[in-house]
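# Observations on chain architecture
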Amino acid sequence: MSSRQPRILICGNLVWAHEEARQCFDGLADLVVMDSPNRADFLVGLKSGGKYDQIVGIYRHNTSADRIGVFDEEIIDALAETGTVKWIAHNGAGYDQIDVSRCANKGDFHILHPLGPPSTTFHGFTSNLGISVSNTPGAVDDATATTALYLVISCLRNYAWAEQSLRQGTFKSGLDPGRAHDVTGRTLGILGLGGIGLRLAHLVHAFPMRVVYYSRNKSASAPEWCEYIDSLEGLCRESDVLSLHVPLRNETVHLVGEKEIRTMKKGSIIVNTARGKVIDEEAMIRALEDGHLSSVGLDVYPNEPLVNPRLLEFPQNVLLPHMGTENQDSQRHMEVRALTNLRDFLRDGQGNDLIPELRSKL
Ligand SMILES: O=C(O)C(=O)CO
């Protein structure tokens, strides 16, 4: 290896922030682009002397899964075996494609400089963590909350359905104003008042909607008009529209299931911009079929890019193909945030956005 600089692997889409990447790592690290067509090639590349040898940090985007799959046990073990990879900077708020418990279990380490004598720019990193993982909170809040807002409005007012009627040349026929409601005055229930949920709360307060929320803990950032409900059941009972903003973890799979849906009022709406598996999709479809739910607004699905065709049978549903952060401004922010985490790790030994599960182990 001729270079004495640490090497950073760009794994998946880096589209908007090339100049920022250059500035971040100039004189600090060499960037290597992951060009493996499949997982086998990637794993070989990580081995000593391979094309990804001596990588210390990885910028990861979900698009890399198309070629090498998610960062599951097999990939995390291979990264740990390199002995050099110490930071995965995920581009995205949701990091459910990374086996973070495996990262945390990779044992103690104290590194000074994996490539040789300590340099003035890479001071090292001391932690009880095996491989650190950061995400990009904050950078996604506005775009994802705006997507949820669109789904809330369109479900209540039947706008997406109305557009379908126009495009089919039937101008409003089949639509029934008796199925639509004003947004103003409805109650929005927010499940998970993190950055995205809170941004949505502020947006809908403009109408105003009444805003209630449930989180594991009462949020210190919640404004006084944003009312805490101390159980999920209570939240479901209060909400005309329930909007989901919790990460996908083992304990949040099917968090909203048959019981929660049936606790909601007849004719209510569910909006999901978080992750598809947080809802029991079968229970949700049953509730659409018997009219307990009037519609759902979805940006996420359990097995993307597959979409359950039964969801398409309801013209009142508003269905987007995971558009949460699909705009250049947010994507640039996300890329910069992920790269900055890597830069800070290299320079200071610690990136800002270490994920909560690993932060608690520090
Ligand atoms: O940031 C994420 O996790 C997303 O899903 C973007 O929509």
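Residues numbered from 1 in each chain as written. Predicted model: local features only at pLDDT ≥ 70, side-chain atom pairs only at ≥ 80, totals over all residues. Heavy atoms only, no water.

In the nomenclature of an unreviewed UniProt entry, the protein is known as D-isomer specific 2-hydroxyacid dehydrogenase of Suillus fuscotomentosus.

## Details of the sheet that holds strand 7 (residues 132-134)
Spatial ordering of the open sheet is given by 2-1-3-4-7, a layout of 5 strands whose pairing is parallel. Both outer strands of the open sheet, strand 2 (30-33) and strand 7, are each paired with one neighbouring strand and no more. Taking each pair of neighbouring strands and ignoring which way they run, the sheet shows an average axis angle of 20 degrees. By the bridge criterion, 5 bridges tie strand 3 (residues 55-61) to strand 4 (residues 87-91) in an arrangement that is parallel. Residue pairing in the sheet places His-61 in a bridge with Asn-91 of strand 4. Along the sheet, helix 12 (residues 328-348) makes contact with strand 1 (7-11), strand 3, strand 4 and strand 7, crossing strand 4 at roughly 170 degrees. (Pairing = 2+ DSSP bridges. Helix = DSSP H or I, 4+ residues; strand = E, 2+ residues; numbered from the N terminus. Axes fitted to C-alpha atoms, helices over the stretch in contact; angles between N-to-C directions. Contact = heavy atoms within 4.5 Å.)

## Brief notes about the site of the ligand
Looking at the ligand, the residues that line it are Gly-92, Ala-93, Gly-94, Val-140, Arg-275, His-322, Gly-324, Thr-325 and Met-334. Ala-93 places a polar main-chain atom, nitrogen or oxygen, 2.8 Å from an oxygen atom of the ligand. Contact between the ligand and Arg-275: an oxygen atom at 2.8 Å from a side-chain N or O atom of the residue. Protein contacts shield 86% of the accessible area of the ligand, which totals 230 Å² for the unbound molecule. (Near = heavy atom within 4 Å. Polar contact = N/O pair within 3.5 Å; in protein donor to acceptor, adjacent residues only side chain to side chain. Areas by Shrake-Rupley, 256 points an atom, 1.4 Å probe, with all protein chains shown as cover.)

## Details of the pairing of strand 4
A large share of strand 4 lies buried, amounting to 5 of its 5 residues. Covered by surrounding structure in strand 4 are Trp-87, Ala-89 and Asn-91 together with Ile-88 and His-90, the residues of both alternating faces. Sheet topology places strand 4 next to strand 7; 3 bridges connect them, and they run parallel. From the neighbouring strand, Trp-87 faces strand 7, where its bridge partner is Ser-132. (Buried < 20%, exposed > 50% of the residue type's maximum accessible area, 1.4 Å probe, protein only.)

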